[in-house]
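Breakdown of the fold
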Amino acid sequence: MPKSILVEPARVLAKGTIELSDIPINVYEKTIEDESSNFSPEDLLDIFRDMCLIREFENTLNQIKLEGAHRGVTYNHRGPAHLSIGQEAAAVGMAYLLGPEDHIYGSHRSHGEILAKGLSASRRMSEADLSLVMTRSLDGDILRPIEKVFQGSTLDLAQRFIVYGAFAEIFARETGFNRGCGGSMHAFFTPLGIYPNNAIVGGSGSIAPGAALFKRCNRARGIVVANIGDASFGCGPVWEGISFASMDQYRTLWDPALGGGLPLIFNCMNNHYGMGGQPNGETMGCQFIARIGAGVNVEQMHAERVNGYDPLAVIDAFRRKMRVLSEGRGPALLDTITYRISGHSPSDASSYRSREEIEIWEKADSIVTFRNKLVDAKLFSAGDLDETRAAVEDTVFEMFRLAVDLDASPRMSMASEFVGEVMFSNKKVERFADREPELLQELSENSRVKQIEKKVRFGLENGKPISKMRAYNVRDGIFEALLHRFSVDPTMVAFGEENRDWGGAFAVYRGLTEALPYHRLFNSPISEAAIVGAAVGYALEGGRAVAELMYADFMGRAGDEIFNQLSKWQSMSGGEVIMPVVLRISVGAKYGAQHSQDWSALAAHIPGLKVVYPVTPYDAKGMMNSALAGTDPVVFFESQKIYDYGELFHEGGVPEGYYEIDLSEPDVKRRGKDLTIITFGPALYLAIEAADELHSTYGLSAEVVDLRTANPLDYEPLVESVKKTGKVLLATEAAERCSVAQNVAANLTQLSFDSLDAPPVVIGSRNWITPAAELEESFFPQKDWLLDAIHERILPLPGHRPKTRQTLGELERRNRLGI
Ligand SMILES: Cc1ncc(C[n+]2csc(CCOP(=O)(O)OP(=O)(O)O)c2C)c(N)n1
Ligand SMILES: [Mg+2]
């Protein structure tokens with residue numbers, strides 16, 4: 001059933017004005033006395049202590065970066081340290097109300113947020129739970145060195161655990177939160193609700209909405225906070241994330257029982273600077289980040305500016321925004337004003353700001369101001385607070401000393417393959433939750449299921465292809481695999497552009513609209529970065545996501561999300577998180593230069609992605625089944641040319657039941673002995689045509705091997721084939737230069753050198769733009785190109801007269817010209 005949001009001329013053409021409401025600016029004006037019902041003196045002391053702890057943590061790093069020593073302990077920290085001295089009140093205020101079920105995502109400058117969140121979450125946990133977190137995390141490796149130097153209460157131990165885990169991570173120790181695989185800009189620790197911090201400015205802006213989506217779709221407790229800088233509001237993915245997070249459908253079309261708008265706060269840590277550029281007055285035009293809310297939705301994202309130099313003002317704002325989120329009226333936007341007294345990094349000479357400016361903010365120091373407030377309110381004496389501060393500084397120092405000690409806190413050995421081992425999780429998970437998957441109908445009632453039932457699951461009858469109407473095709477294979485997993489894993493969701501009523505960009509999802517509630521299959525905004533980013537956030541939270549990009553050509557729009565986020569969080573977590581995302585990417589043709597490129601090589605080049613390209617219904621179903629049962633990010637390329645192809649290779653056709661195909665295995669599609677043709681993508685069908693002609697005209701039998709996958713890739717079947725034939729041609733529809741086929745050719749040259757009669761030859765598309773549909777034959781490889789290349793460079797074909805230029809001279813010429 002299509003949704004019904006009627007578009008009426010009378011309404012959309014009616015005269016009027018858009019009314020905006022006032023955006024509050026620094027409205028908090030309560031005194032400590034006014035807040036007495038919200039905070040006990042101990043609570044206020046905790047806030048003070050946490051701010052001091054963060055300041056000392058950052059001071060320590062500043063000292064060792066600038067002077068190579070702190071309190072007599074020398075240390076050379078080679079990596080970065082983006083410090084947040086001055087931003088402590090904003091961090092502590094942000095975290096104060098959050099428990100372990102509330103999840104924060106952050107930026108490259110998030111040490112303070114991590115510490116504040118860890119401390120706040122630990123205070124909100126039972127001793128037993130907190131102990132479990134510490135003893136179980138990394139098999140106790142973080143805790144063990146601390147226990148050797150400290151015995152005390154669980155909460156005091158937790159304080160040390162948080163400081164030590166963060167220091168050790170920054171110093172690349174095995175005992176760090178992420179075994180040193182994350183480092184300063186990426187440290188995180190999910191058991192306390194501290195999710196990835198991102199060295200890509202604004203990176204969390206597209207990921208956090210997916211985390212909040214998980215909370216809604218799975219009715220999980222807690223909220224999500226995206227802590228991002230003021231300059232990050234210039235980033236496209238941040239705007240896309242905001243747009244994804246504020247879609248009307250959460251409240252208009254989704255089951256109200258899910259809770260409405262996303263429980264997400266975009267919290268701008270507004271320190272007034274990028275590195276040296278100033279969003280306010282120079283690089284942006286909004287003057288107030290809070291103003292952005294006015295352009296987003298009717299509720300203006302409940303945006304407001306908050307005094308982030310007063311922790312209580314920030315807590316007050318969070319309390320009010322959290323109420324808004326709990327009413328299903330999220331997302332919210334906070335413009336939390338703060339100031340970075342430290343440089344962007346310790347080497348920053350602050351050439352972009354005056355000494356006077358820094359001094360004014362130093363005078364307004366939030367820690368001193370808060371201390372004086374507590375003293376003025378007669379809650380604590382100055383002496384008490386100074387003692388508290390000194391004690392916490394000592395604790396930070398002890399943990400620093402422990403973290404730099406190579407015996408207590410070793411680094412991973414250089415010879416270790418650990419990083420390699422955590423690139424992929426390689427697990428299988430049937431379902432990520434035990435509840436019944438939500439479906440709108442019995443699957444046997446589904447129109448698409450019924451339609452497929454009538455199809456013929458093998459594409460040949462008496463050796464001849466059957467009609468496209470009757471043949472079970474590639475689309476059906478992908479559909480069946482998806483439907484299976486939707487019916488098994490209740491956490492599984494799919495989204496992308498035109499995914500619902502339209503049936504997915506190329507009708508793979510047709511029928512799913514009837515079967516799935518809105519929140520399991522929905523249309524996203526045209527925001528490729530947010531689509532992939534949200535899938536990443538969703539998976540980090542513990543669910544399975546399928547995201548779709550309409551064309552490979554749009555990968556650029558989601559470049560960071562594919563190349564830096566989807567691919568890297570498993571390994572940057574030190575193997576602590578998994579990334580069960582399937583990113584379906586359709587490869588086009590006939591649509592010219594910006595809609596017809598095969599960019600599989602871009603994905604294959606990036607460590608941390610599995611990259612597959614099945615081109616038969618049997619392979620599509622089996623490989624999608626594997627991708628959807630696994631825990632790794634799989635970029636799943638699909639060719640638009642062959643969506644409606646029947647199964648021509650797998651005898652017996654495509655099984656009705658469930659089966660998996662190993663994602664690393666190439667497949668011999670036709671046996672032969674004289675020559676191997678290796679294909680990637682739909683070039684398989686071209687290779688079959690060429691093999692037919694080699695046989696009929698030249699009496700040669702070619703073995704055709706379909707790679708099916710670019711990474712991981714088991715070379716053994718390829719090496720075996722080449723051992724037999726001694727000759728190999730590779731064919732791909734991707735532009736030839738730096739293609740997956742070129743990489744395989746290079747490796748085969750090494751692996752099969754002794755078997756080869758000639759170097760492997762790669763035939764791909766020209767290194768041009770894809771021309772108009774009518775001219776595509778000059779661009780995509782054709783049968784003659786393959787035959788001519790074999791003749792010129794591998795095995796002279798008796799009597800063959802080349803129709804195209806495939807000589808070595810031509811290869812050189814093209815490369816010289818760069819085309
Ligand atoms: C995508 C991207 N562009 C540029 C950079 C380099 N860079 C690192 S921090 C930074 C400024 C970020 O400013 P803001 O978002 O306000 O955060 P702040 O540093 O002030 O905390 C820049 C440009 C980056 N890391 N990522
Ligand atoms: Mg900034």
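Residues numbered from 1 in each chain as written. Chains lettered and ligands numbered in written order. Predicted model: local features only at pLDDT ≥ 70, side-chain atom pairs only at ≥ 80, totals over all residues. Heavy atoms only, no water.

A closer look at the overall build of the protein
Under the convention used in this document: Helix and strand definitions follow DSSP, with helices as H or I runs of at least four residues and strands as E runs of at least two, each counted in order from the N terminus. C-alpha atoms define the radius of gyration, and 2.2 Å times the number of residues to the power 0.38 defines the globule rule. Three labels apply to residues, based on accessible area from a 1.4 Å probe with only protein chains included: buried if under 20% of the type maximum, exposed if over 50%, partly exposed otherwise in between. Residues count as neighbours in contact if any of their non-hydrogen atoms are within 4.5 Å of one another. Note that accessible areas follow from Shrake-Rupley with a 1.4 Å probe, and for residues the cover is restricted to the protein chains shown. Neither His nor the chain ends is counted toward charge; the positive residues are Lys and Arg and the negative residues Asp and Glu. By convention, the point assigned to a charge is CZ for Arg, NZ for Lys, CD for Glu and CG for Asp.
Regarding its fold elements, the protein presents 28 helices and 22 strands. Computed over its C-alpha atoms, the radius of gyration of the protein comes to 30 Å, within 12% of the 28 Å expected for a compact globule of 819 residues. Residues classed as buried in the protein amount to 61% of the 819 residues present. Relative to all contacts within the protein whose residues are 6 or more apart in sequence, the contacts with residues 24 or more apart total 77%. Looking at the protein as shown, the accessible area adds up to about 32200 Å², and 52% of this sits on carbon and sulfur atoms. Within the protein, the 109 negative side-chain charges are centred at a point lying 3 Å from the centre of the 84 positive side-chain charges.

A look at the sheet that holds strand 6 (residues 264–270)
So the rule is basically this: Note: two strands are recorded as paired if DSSP finds a minimum of 2 bridges between them. Every axis in this analysis is a line fitted to C-alpha atoms, fitted for helices over the stretch in contact. Angles between the N-to-C directions lie between 0 and 180 degrees.
Here 6 strands make up an open sheet; going across it, the order is 4-3-5-6-8-7 and the pairing parallel. Strands with a single pairing partner mark the edges of an open sheet, and in this sheet they are strand 4 (194–198) and strand 7 (304–307). Sheet twist, expressed as the average angle between the axes of neighbouring strands with direction ignored, equals 20°. Pairing geometry for strand 3 (residues 103–107) and strand 5 (residues 224–229), over 3 bridges, is parallel.

Looking at the packing of aromatic side chains
Definition in use: Stacked, tilted and edge-to-face pairs are distinguished by plane angle, under 30 degrees for stacked and over 60 for edge-to-face with tilted covering the rest, among Phe, Tyr and Trp rings (Trp via its six-membered ring) whose centres lie within 6.5 Å.
Considering all chains together, one arrives at 32 aromatic pairs under this definition. Judged by centre distance (4.1 Å) and plane angle (15°), the rings of Phe57 and Phe167 are stacked. Of this pair, Phe57 sits in helix 2 (residues 41–67) while Phe167 sits in helix 7 (residues 154–170), and the two are 110 residues apart along the sequence. When its relative accessible area of 0% is taken as the criterion, Phe57 is described as buried. Centroid distance Tyr273 to Tyr339: 6.4 Å. Interplanar angle 75°. Geometry classified as edge-to-face.

Details of the nonpolar core
Heads up, the rule is: Nonpolar cores are built from buried Ala, Val, Leu, Ile, Met, Phe, Trp, Tyr and Cys residues. Side-chain atoms within 4.5 Å join them into one set.
Counting residues in hydrophobic clusters, the biggest one holds 245 residues, and the most contacted among them are Phe167, Phe171, Phe233, Phe637 and Leu694. Aside from chain neighbours lying at most four places away, what touches Phe167 is Phe57, Thr60, Leu61, Val396, Met399, Phe400 and Ala403. Judged by nonpolar contacts, the second largest core, of 6 residues, contains Ile85, Tyr273, Tyr339 and Ile341.

Quick look at the coordination of the magnesium ion (ligand 2)
This is how it is decided: Note on donors: an N, O or S atom is included if it sits within 2.8 Å of the metal, or within 3.2 Å for Na, K and Ca, and water is never included, so sites can look incomplete.
Around the magnesium ion (ligand 2), the protein contributes the donor atoms Asp230 (OD), Asn271 (OD1) and Tyr273 (O), which lie 2.0 to 2.1 Å from the metal centre. One chain supplies every donor for the magnesium ion (ligand 2), spaced along it as D-x40-N-x1-Y. Tyr273 shares its class with Asn271; the two are buried.

Regarding the environment of Ala364
Inspection of the secondary structure assignment puts Ala364 in the loop between helix 12 (355–363) and helix 13 (366–376). With relative accessibility at 33%, the residue Ala364 sits in the partly exposed group. Through-space distance from the C-alpha of Ala364 to that of Gly86 is 9.5 Å; in sequence the pair is 278 residues apart. The contacts of Ala364, once residues within four sequence positions are left out, are Tyr309 and Thr369.

Focus: helix 17 (residues 474–488)
Our working definition: Multiplying 1.5 Å by the residue count of a helix minus one yields the expected span of that helix. Any pair of nitrogen or oxygen atoms within 3.5 Å is treated as a polar contact; in protein, a donor-acceptor pairing is required on top of that, and neighbouring residues in sequence qualify only through side-chain atoms on both sides.
For helix 17, with 15 residues, the first-to-last C-alpha span of 22 Å sits near the 21 Å given by 1.5 Å per residue. The complete set of buried residues in helix 17 reads Val474, Asp476, Gly477, Ile478, Phe479, Glu480, Ala481, Leu482, Leu483, Arg485, Phe486 and Val488. Here helix 17 starts with a cap whose side-chain oxygen sits 3.1 Å from the backbone nitrogen of Arg475, and that cap is Asn473.

Notes on the side chain of Thr154
With respect to the secondary-structure elements, Thr154 resides in helix 7. Within polar-contact distance, the side chain of Thr154 engages the side chain of Glu127 at 3.2 Å.

Details of the environment of Met579
Here Met579 is to be found in the loop between helix 21 (569–572) and strand 14 (581–587). Expressed as a C-alpha distance, the spacing of Met579 and Val536, which sit 43 residues apart in the sequence, is 7.0 Å. In this structure Met579 touches Val536, Ala539, Leu540, Gln565, Leu566, Trp569, Gln570, Thr631, Asp632 and Pro633, once residues within four positions along its chain are discounted.

What about the site of ligand 1?
Test applied: We define proximity as follows: a residue is near a molecule or strand when any one of its heavy atoms falls within 4 Å of that partner. Residues are grouped as follows: Ala, Val, Leu, Ile, Met, Phe, Trp, Tyr, Cys and Pro are nonpolar; Asp, Glu, Lys and Arg are charged; all remaining types, including Gly, are polar.
Close to ligand 1 lie 14 residues, the nearest being His108, Arg109, Asp230, Ala231 and Asn271. Asp230 is positioned with one of its side-chain polar atoms (N or O) 2.7 Å from an oxygen atom of ligand 1. In the complex, the protein chains occlude 71% of the 580 Å² of accessible area that ligand 1 would expose alone. A breakdown of the residues in the shell around ligand 1 according to their chemical character gives 6 nonpolar, 6 polar and 2 charged.

Regarding the packing of helix 2 against helix 7
Worth spelling out the cut-off: These descriptions rest on fixed angle ranges, namely under 35 degrees for roughly parallel, over 145 for roughly antiparallel, 65 to 115 for roughly perpendicular, and the rest for oblique. For any pair of crossing helices, the crossing counts as left-handed if the nearer helix is rotated counterclockwise from the farther one by less than a right angle, and right-handed if it is rotated clockwise.
Close contact between helix 2 and helix 7 brings their axes to 12 Å; oriented N to C, the two are set at 25°. As the angle between them shows, helix 2 and helix 7 are arranged roughly parallel. The chirality of how helix 2 crosses helix 7 is right-handed. Within the contact between the two elements, helix 2 uses Arg49, Leu53, Phe57, Thr60 and Leu61 and helix 7 uses Gln159, Val163, Ala166, Phe167 and Ile170. Looking at side-chain class alone, the contact of helix 2 with helix 7 contains 7 nonpolar, 2 polar and 1 charged residues.

Some details on the sheet that holds strand 14
Across the sheet, 7 strands lie side by side as 12-11-13-14-16-15-20; this open sheet has mixed pairing. Of all the strands in the sheet, the pair left with one neighbour each is strand 12 (521–523) and strand 20 (709–711). On average, adjacent strands in this sheet sit at an angle of 20° to one another, irrespective of strand direction. Sitting on the sheet, helix 19 (residues 528–540) is in contact with strand 11 (493–496), strand 13 (545–549) and strand 14, with an inclination near 170° to strand 13.

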